[in-house]
Amino acid sequence: MNREQVRARIQEIGIIPAIRVSSPEDALFAAEAVASGGIPIVELTLTVPGAIEVIAHLVRNGPELIVGAGTVWDVETARRCLDAGAKFLTSTGLDLELVEFAAREKVVVFPGALTPSEVMRAWKAGVDFVKVFPCSQLGGAAYIKTLKAPFPQVPLIASGGVNQQNVADFFLAGATAVGIGAHLVPKKAIELRQPRRIHELAVRLMTLVQGARKQAAAR
């Protein structure tokens, strides 16, 4: 898939599962469980031990899965992620060097940003999306709505504190997508190897997102 196709798929699905676990085995288990629930996207954070090898494994064994690298710190690491097959790059904060690298490589990138100034700088630099993180600390969906007023053209990904109870609110506020970690991939479900629990959470969240989008479109 090229950059445009990956971007379109992320917009279509609307949920980016962030997998931040303590072992490669846990990461593979989580990715498979999420995909089984109808979310063919995973962000494998580089805090996972052996993360780049896990990305390569997922790419080789799941051609239908869009695998991205999260918590990317520098261009050198980003290069290794792309060599492993990553289809998108995301960082916790705004790193313009990483954004420029992604643009040269024609790969989807969405850095973290929090303030209006950071959102503006990121968008001017040519990002595909802007990840608002940590969103919940500044009001959650209400903050997304506030940002969308001056930046209606910027596709925002809400990340941090998104769960079943509030996911619809983020889309009604104007978010293009959301990033979800522990509320989609609970630690206990990983420890107890409960793929069905993760599968059901994925299905439920996708249903909530689709419902919110229909409601927003009907306004």
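For the structure itself, look to the data block above.
An account of the accompanying structure is given in this report. Numbering of residues starts from 1 in each chain and follows the order in which that chain's sequence is written. Totals for whole chains, interfaces and linings use every residue, but because this is a predicted model, local features are given only for residues with pLDDT of at least 70 and side-chain atom pairs only at 80 or more, for both listing and counting. Heavy atoms from the whole structure form the basis of all side-chain values; hydrogens and water molecules are not counted.

## Examining the pairing of strand β1 (residues 15–19)
At step 1: Note on classification: 1.4 Å probe, protein chains only; a residue is buried when its accessible area is under 20% of the maximum for its type, exposed when over 50%, partly exposed between these limits. Secondary structure is summarised from DSSP: a helix means a run of H or I of at least four residues, a strand means a run of E of at least two, and numbering begins at the N terminus for each. Burial runs high along β1: five of the five residues are buried.
At step 2: Neither face of β1 is open: one carries Ile15, Pro17 and Ile19, the other Ile16 and Ala18, and all of them are buried.
At step 3: Bridge count between β1 and strand β8 (residues 177–180): three bridges; the pairing is parallel. The residue of β8 that forms the bridge with Ile15 is Val178.
At step 4: With helix α2 (residues 24–36) bridging β1 and its parallel neighbour strand β2 (residues 41–45), the resulting β-α-β unit is right-handed. Here the rule is simple: two strands pair whenever DSSP picks up at least two bridges between them. Here the term right-handed applies to a crossover when the path leading from its first strand over the helix to its second strand runs clockwise, the strands being oriented away from the viewer.

## Describing α2
At step 1: Taking 1.5 Å of rise per residue, 13 residues should cover 18 Å, and α2 covers 19 Å from first to last C-alpha, within 8% of that figure.
At step 2: Those residues of α2 that sit buried are Asp26, Ala27, Leu28, Phe29, Ala30, Ala31, Ala33 and Val34.
At step 3: Looking one or two residues past α2, Gly38 carries a phi angle of roughly 95°, positive in sign. Expected span, for any helix, means 1.5 Å times one less than how many residues it has.

## Side note on the environment of Met1
At step 1: Among the secondary structure elements, Met1 is positioned in the segment before α1 (3–13).
At step 2: Separated by 102 residues in sequence, Met1 and Ala103 have C-alpha atoms that sit 16 Å apart.
At step 3: Contacts were defined at the residue level, with two residues in contact if any of their heavy atoms lie within 4.5 Å. In contact with Met1, not counting residues within four places along its chain, are Val6, Arg9, Ile66 and Lys87.

## As for a negative patch on the surface
At step 1: Here, patches come from residues exposed beyond 30% relative accessible area and free of salt bridges, joined within 9 Å for like charges and within 5 Å for nonpolar side chains (Val, Leu, Ile, Met, Phe, Trp, Tyr). In these tables, accessible area is a Shrake-Rupley quantity obtained with a 1.4 Å probe, and a residue counts as shielded only by the protein chains included in the view. Throughout this description, the term salt bridge denotes a Lys or Arg side-chain nitrogen within 4 Å of a carboxyl oxygen of Asp or Glu. Think of it this way: Lys and Arg go in the positive column, Asp and Glu in the negative one, and His and the chain ends go nowhere. In plain terms, the charge of a residue is placed at NZ if it is Lys, CZ if Arg, CG if Asp and CD if Glu. Residues Asp74, Glu76, Glu97 and Glu100 make up a contiguous surface patch of negative charge.
At step 2: For Glu76, the location among the structural elements is in helix α4 (residues 75–84).
At step 3: On the accessibility criterion, Glu76 (63% relative accessible area) is exposed.

## Notes on the packing of aromatic side chains
At step 1: Pairs were defined over the aromatic rings of Phe, Tyr and Trp, the Trp ring being its six-membered one, requiring ring centres within 6.5 Å. Orientation was assigned from the angle between planes: stacked under 30 degrees, edge-to-face over 60, tilted for the rest. Counting across every chain of the model gives two aromatic pairs.
At step 2: Aromatic pair Phe110 and Phe129: ring centres 5.9 Å apart, planes at 85°, arrangement edge-to-face. Taken together, the residues span a long stretch of sequence, with Phe110 in strand β5 (residues 108–113) and Phe129 in the loop between α6 (116–124) and β6 (130–132) at a distance of 19 residues. For the pair Phe110 and Phe129, one class covers both residues: buried.
At step 3: Ring pairing ties together the aromatic residues Phe88, Phe110 and Phe129, which thus form one cluster.

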